[in-house]
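Secondary and tertiary structure notes
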Amino acid sequence: MNWSDRLPLANISVVAAQAAIDQYARPLSVVSKCLRELTGCVLAQSIYLERDQPPFDRVTMDGIALASDAAPNREFIISGIQAAGAAPLTLASKALCIEVMTGAYLPVGCDCVIPVERIRSDNGVAYLNDDVQLSAWLNVHRRGSDARANEEILKPGQHLNAVDIAVIASAGFAHVPVHATPRIAVISTGDELVEPGQPIQDWQIRRSNSYALLSALRKHGFATLTDMHLCDDREQLRIQLSTLLEQHDTLILSGGVSAGRFDYVPQVLSEIGVTCIFHKVLQRPGKPMWFGSRDDGKTVYALPGNPVSILVCFYRYVLRGLQRTMGITKFPVQYARLGSYAKAHDKLTCFVPVKLVDDAAITMATPLPTRGSGDFISLLNTDGFVELPASDALIPSGTIVPVYRW
Ligand code: AMP
Ligand code: MG
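Cut-off values and rules
- Residues numbered from 1 in each chain as written.
- Chains lettered and ligands numbered in written order.
- Predicted model: local features only at pLDDT ≥ 70, side-chain atom pairs only at ≥ 80, totals over all residues.
- Heavy atoms only, no water.
- 1 Å grid on protein atoms, 1.4 Å probe; cavity = no way out; pocket = protein on both sides within 12 Å on 5 of 7 lines; lining within 4 Å.
- Points joined across faces, edges and corners; volume = space filled by probe spheres on them.
- Nonpolar A, V, L, I, M, F, W, Y, C, P; charged D, E, K, R; others polar.
- Helix = DSSP H or I, 4+ residues; strand = E, 2+ residues; numbered from the N terminus.
- Buried < 20%, exposed > 50% of the residue type's maximum accessible area, 1.4 Å probe, protein only.
- Contact = heavy atoms within 4.5 Å.
- Pairing = 2+ DSSP bridges.
- Near = heavy atom within 4 Å.
- Polar contact = N/O pair within 3.5 Å; in protein donor to acceptor, adjacent residues only side chain to side chain.
- Areas by Shrake-Rupley, 256 points an atom, 1.4 Å probe, with all protein chains shown as cover.
- Salt bridge = Lys/Arg side-chain N within 4 Å of Asp/Glu carboxyl O.
- Phe/Tyr/Trp six-rings, centres within 6.5 Å; stacked < 30°, edge-to-face > 60°.
- Lys NZ or Arg CZ within 6 Å of the ring centre and 35° of its normal.
- Core = buried A, V, L, I, M, F, W, Y, C linked by side-chain atoms within 4.5 Å.
- Domains from an automatic or database assignment.

Let's shift gears to empty space enclosed by the protein. Considering all chains together, one arrives at 1 cavity of 30 Å³ or more under this definition. Taken as a whole, the largest cavity holds about 40 Å³ of empty space. What lines the largest cavity is simply Glu50, Arg51, Asp52, Gln53, Pro55, Ser170 and Ala171. Partitioned by chemical class, the residues of the lining of the largest cavity number 2 nonpolar, 2 polar and 3 charged.

Right under this line is the structure:
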């Protein structure tokens, strides 16, 4: 669906808001990153194996290597030691064996490894225990048995985890191309806000939203973060937001997007070239949420300042949008079963904070409603929130609903 003909969208559904973000949050350019920086990144090209895997016939036990057709011989003179990482030795005769270590190259002329626990050695001679039977390729991890050189082992779009990174390293790559991770500015707005640690008047409020957002961002691997506070001053907002937009891929604002006299954020954003994609979503909390995009692909999320709203909007929309800019395309929804009934709203999707208990098969979510979007103290006992569709009936206990964890 193309939204651009009817922008800005107003009072849209949660599903439409998510779809609009999906359309405008585009993968960033491709950059080369080293192995230590790959966690959580999305691969931008295929990875092919450098060599067969394993690259040689690999010894899998500490013991002796010999020729399996040496039978009926049961005693072997130990003619050398083959350590892991050493160039291969050669077995000179079937009357001999070579002491071998796990991970070593199987010496040339050998095809069988007997573990040290199953032999007795005395004076340079290894004696096989009575129950040992020789057979070809015993305790040998054969060359190419896992994968072949030049095989495509990872495809573009792979969201890299520890296993993938191990395989990339084993394929010999020190750097790989991935989508860039967004540079993000977190901006609080509001004349009433005072930094923690500073003296405060009765009528002022602690600046807490940015710390929640920065922590959530760091937890999800976003490390290039700017933390900024701006007053409710149109001119200052215009100058500073314009500069921040040049230096970052995404801005996340809190406060100043509602209908108050000093809520300048939407107006200022459009003045600096950010097109409003939507303003106001049929949801509670977080109804005044604003989302925009600039021609160069930069995205701006302006969240209503109430502390519960910013958290809900972050986990429901912003995180997904940021992950899309990193090239992530799959967002499996998690579900939980309501542990008690929940009250919905007849026209709005409700995000209700919950306590989660992991049962054997499914997570149980018990609603712990707050006293409104400004009551973030109630969130202390919660683990996330559930999404309840608009309904004029109570949602019964046991209903399966989407869940988002803090
Ligand atoms: P606003 O969206 O600017 O109208 O703010 C809504 C409510 O959230 C007001 O009570 C603000 O004081 C509060 N608020 C706004 N920004 C923050 C912030 N960064 N930290 C804590 N509370 C905030
Ligand atoms: Mg404000």
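Next comes the rest of the description.
Let us look at the side chain of Gln82. Examined against the element boundaries, Gln82 turns out to sit in strand 6 (residues 75–82). Note on Gln82: relative accessible area 0%, which makes it buried. Not counting the four nearest positions on each side in its chain, Gln82 is found in contact with Ala87, Pro88, Leu89, Ile98, Glu99, Val100, Met101, Ala104, Tyr105 and Pro107.

We now examine the pairing of strand 23 (residues 334–338). Strand direction decides the pairing type here: strand 23 and strand 27 (residues 400–405), joined by 4 bridges, are antiparallel. Each residue of the ladder has a partner; that of Arg337, found in strand 27, is Ile400. Taken together, the 3 bridges between strand 23 and strand 25 (residues 363–367) define a ladder with parallel strand orientation. In the sheet register, Arg337 faces strand 25, and the bridge partner there is Met364.

Along the chain, the position of Ser188 falls in strand 14 (residues 184–189). Under the relative-accessibility criterion, Ser188 is labelled buried at 2%. In contact with Ser188, other than residues within four places in its own chain, are Leu193, Arg207, Ser210, Met228, His229, Leu230 and Ser254.

This part covers the site of ligand 1. Close contacts around ligand 1 come from 15 residues, with Glu192, Ser208, Asn209, Gly256 and Gly305 the closest. A distance of 2.5 Å separates an oxygen atom of ligand 1 from a polar atom in the side chain of Glu192. The contact in question runs from a nitrogen atom of ligand 1 to an N or O atom on the backbone of Ser208, over 3.1 Å. Protein chains bury 79% of the 490 Å² of accessible surface belonging to ligand 1 in isolation. Those elements that provide at least two residues to the shell around ligand 1 are strand 14 and strand 16 (205–206).

Of all 5 residues in strand 18 (residues 250–254), 5 are buried, a share of seventy percent or more. Of the two faces of strand 18, the one holding Thr250, Ile252 and Ser254 and the one holding Leu251 and Leu253 are both buried throughout. Alignment of strand 14 against strand 18, held across 5 bridges, turns out to be parallel. Looking at the pairing, Val186 lines up with Ile252 of strand 18. Where strand 18 and strand 22 (residues 299–303) come together, 5 bridges link them in parallel fashion. Bridge pairing in strand 22 places Thr250 opposite Thr299.

Before going further, it helps to examine the pattern of salt bridges. With the rule as written, the count across this model stands at 20 salt bridges. Here Lys355 and Asp383 are joined by a salt bridge, their closest N and O atoms 3.9 Å apart. Taken together, the residues Lys355 in strand 24 (residues 349–358) and Asp383 in the loop between strand 25 and strand 26 (384–388) connect sequence positions 28 residues apart.

Let's shift gears to the packing of aromatic side chains. In the structure shown here, the tally under the stated rule is 9 aromatic pairs. Here Phe314 and Tyr315 contribute two aromatic rings whose centre-to-centre distance is 5.1 Å and whose plane-to-plane angle is 90°, an arrangement assigned as edge-to-face. Look at Phe314 and you get buried, because its relative accessible area is 1%. What links up through ring pairs into an aromatic cluster is the set Phe314, Tyr315, Phe351, Phe385, Tyr404 and Trp406. Here the guanidinium or amino end of Arg316 rests over the ring plane of Tyr317, the centre of that ring lying 5.5 Å away.

Below, the discussion takes up the nonpolar core. Counting residues in hydrophobic clusters, the biggest one holds 42 residues, and the most contacted among them are Leu217, Phe278, Met289, Phe314 and Tyr317. When contributions to this core are tallied by element, the ones reaching two or more residues are strand 1 (9–12), helix 1 (14–24), strand 14, helix 3 (209–219), strand 19 (275–281), strand 22 and helix 6 (307–325). A total of 11 residues in this core trace back to one element, the largest contributor, which is helix 6. Each of domain 1 (3–29 + 180–325) and domain 4 (334–405) contributes no fewer than three residues to this core. Beyond its immediate sequence surroundings of up to four residues, Met289 is in contact with Ile21, Phe278, His279, Lys280, Val281, Gln283, Tyr301, Ala302, Leu303, Pro304, Cys313 and Tyr317. Listed in part, the 20 residues of the second largest apolar core include Leu230, Leu253, Val265 and Leu269.

By themselves these figures say nothing about function.
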